Amino acid sequence: MLIVFQVIASLFDFWPFTKLKQPWRGVVLSAALIPASLIAWNICLWFFGEYAVEKTLGLVEAPMLLGMLTLSTLFGGWPANKLRQPLKGAVLLILSIVIEAIGYLILSALGCW
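Residues numbered from 1 in each chain as written. Predicted model: local features only at pLDDT ≥ 70, side-chain atom pairs only at ≥ 80, totals over all residues. Heavy atoms only, no water.

### Some words on the layout of surface pockets
At step 1: Empty space within the largest pocket amounts to approximately 150 Å³.
At step 2: In this structure, the largest pocket is lined by Phe5, Ile8, Ala9, Phe12, Phe14, Trp15, Phe17, Leu29, Ala32 and Leu33.
At step 3: Those elements giving two or more residues to the lining of the largest pocket turn out to be α1 (2–11) and α2 (24–48).
At step 4: Among the residues making up the lining of the largest pocket, the classes are represented as 10 nonpolar, no polar and no charged. (1 Å grid on protein atoms, 1.4 Å probe; cavity = no way out; pocket = protein on both sides within 12 Å on 5 of 7 lines; lining within 4 Å. Points joined across faces, edges and corners; volume = space filled by probe spheres on them. Helix = DSSP H or I, 4+ residues; strand = E, 2+ residues; numbered from the N terminus. Nonpolar A, V, L, I, M, F, W, Y, C, P; charged D, E, K, R; others polar.)

### A closer look at α2
At step 1: Taking 1.5 Å of rise per residue, 25 residues should cover 36 Å, and α2 covers 36 Å from first to last C-alpha, within 8% of that figure.
At step 2: Those residues of α2 that fall on the buried side of the exposure criterion are Leu29, Leu33, Ser37, Ala40 and Cys44.
At step 3: Directly beyond the C-terminal end of α2, a positive phi value near 65° is found at glycine 49. (Expected span 1.5 Å × (residues − 1). Buried < 20%, exposed > 50% of the residue type's maximum accessible area, 1.4 Å probe, protein only.)

In structure tokens form, the structure reads like this:
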């Protein structure tokens, strides 16, 4: 879960912490992202029970990382390059969710999940 939150933060260009200098940006981001990922993980445990690891990795994390990393690394943030944060991050997050859904459908059709 933490990796997903870190990549989401990168889609937002680490907004609203962009004015902080390192190492404080990393400290503050860690202080925000670690509890957020623990809360999300506990929600997944509550929702999926004993199958939380398989379900969250298969349904959420792997396809979402595919979508987010595709937009951020291969396309360099396109098509939201001209937008400002937080709108840019929101657009990229929505597009990554669409790519996640398509990736999940493809992987499901291939029998991976």
